[in-house]
Amino acid sequence: MTELRGLEGIAAARYFQSLASSVPASLNFFGRNRRPPRDPLNAVMSLTYTLLCSDCERILYGMGLDPFLGFYRVPDYGRASLACDFVEPLRASADQWCLRMFTEKNLRVEDFSTTDQ
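Residues numbered from 1 in each chain as written. Predicted model: local features only at pLDDT ≥ 70, side-chain atom pairs only at ≥ 80, totals over all residues. Heavy atoms only, no water.

Chemically, a disulfide is nothing more than a covalent bond linking the sulfur atoms of two cysteines. Within this structure, the stated rule accounts for zero disulfides. With no disulfide of its own, C84 has C53 as its nearest cysteine by sulfur position, at a separation of 3.6 Å. Among the residues examined, C84 registers a relative accessible area of 15% and is labelled buried. (Disulfide = S-S within 2.5 Å. Buried < 20%, exposed > 50% of the residue type's maximum accessible area, 1.4 Å probe, protein only.)

Below, the structure is given as structure tokens:
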């Protein structure tokens, strides 16, 4: 499983590198970052992933499953690992939606604020 996680990390790094090359320069997106997100696209992606995970957690509870006992992710305090596992296949579509929000001007860089931290 450790080897699989390593391969997933490599694939994710390449994916976000590729995504960065297709994002308009005005978004200042140079790859994935979080806690806190440093640009508008990363902020929207983080919020989108959080909302998807919350929906998955709610659905898993409704199905009688424990959303904290993941398959791919090891259990970690406060993280709904199984819900996160279910979000993984949705990430690329979520990222496309997030980028589309900017390209279609539903969201603009001016809608966001930043601080020095």
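Attention now goes to the packing of aromatic side chains. Applying the stated rule across the entire model yields two aromatic pairs. Relative to F16, the ring of Y15 lies with its centre 4.9 Å away and its plane at 75 degrees, an arrangement referred to as edge-to-face. Looking at Y15, the relative accessible area reads 30%, which means it is partly exposed. Owing to a relative accessible area of 14%, F16 belongs among the buried residues under this scheme. (Phe/Tyr/Trp six-rings, centres within 6.5 Å; stacked < 30°, edge-to-face > 60°.)

So, about the layout of surface pockets. If you add up the space inside the largest pocket, you get close to 910 Å³. In terms of lining, the largest pocket is formed by 29 residues, of which the most central are R34, Y49, R73, E88 and R91. Elements with a minimum of two residues in the lining of the largest pocket: helix 1 (2–22), helix 2 (40–62), helix 3 (81–87) and helix 4 (91–103). It is helix 1 that contributes the most residues to the lining of the largest pocket, eight residues altogether. Tallied by class, the residues present in the lining of the largest pocket amount to 14 nonpolar, four polar and eleven charged. Taken as a whole, the second largest pocket encloses approximately 150 Å³ of empty space. Lining the second largest pocket we find P24, S26, L27, F102, T103, K105, L107, R108, V109 and E110. (1 Å grid on protein atoms, 1.4 Å probe; cavity = no way out; pocket = protein on both sides within 12 Å on 5 of 7 lines; lining within 4 Å. Points joined across faces, edges and corners; volume = space filled by probe spheres on them. Helix = DSSP H or I, 4+ residues; strand = E, 2+ residues; numbered from the N terminus. Nonpolar A, V, L, I, M, F, W, Y, C, P; charged D, E, K, R; others polar.)

What follows deals with the pattern of salt bridges. For the structure on display, the rule yields four salt bridges. Between R100 and E104 there is a salt bridge whose closest N-O contact spans 3.9 Å. Between D111 and R108 there is a salt bridge; the shortest N-O distance is 3.2 Å. Assessed through its relative accessible area of 40%, D111 is described here as partly exposed. On the basis of relative accessible area, R108 is assigned to the partly exposed category, the value being 41%. (Salt bridge = Lys/Arg side-chain N within 4 Å of Asp/Glu carboxyl O.)

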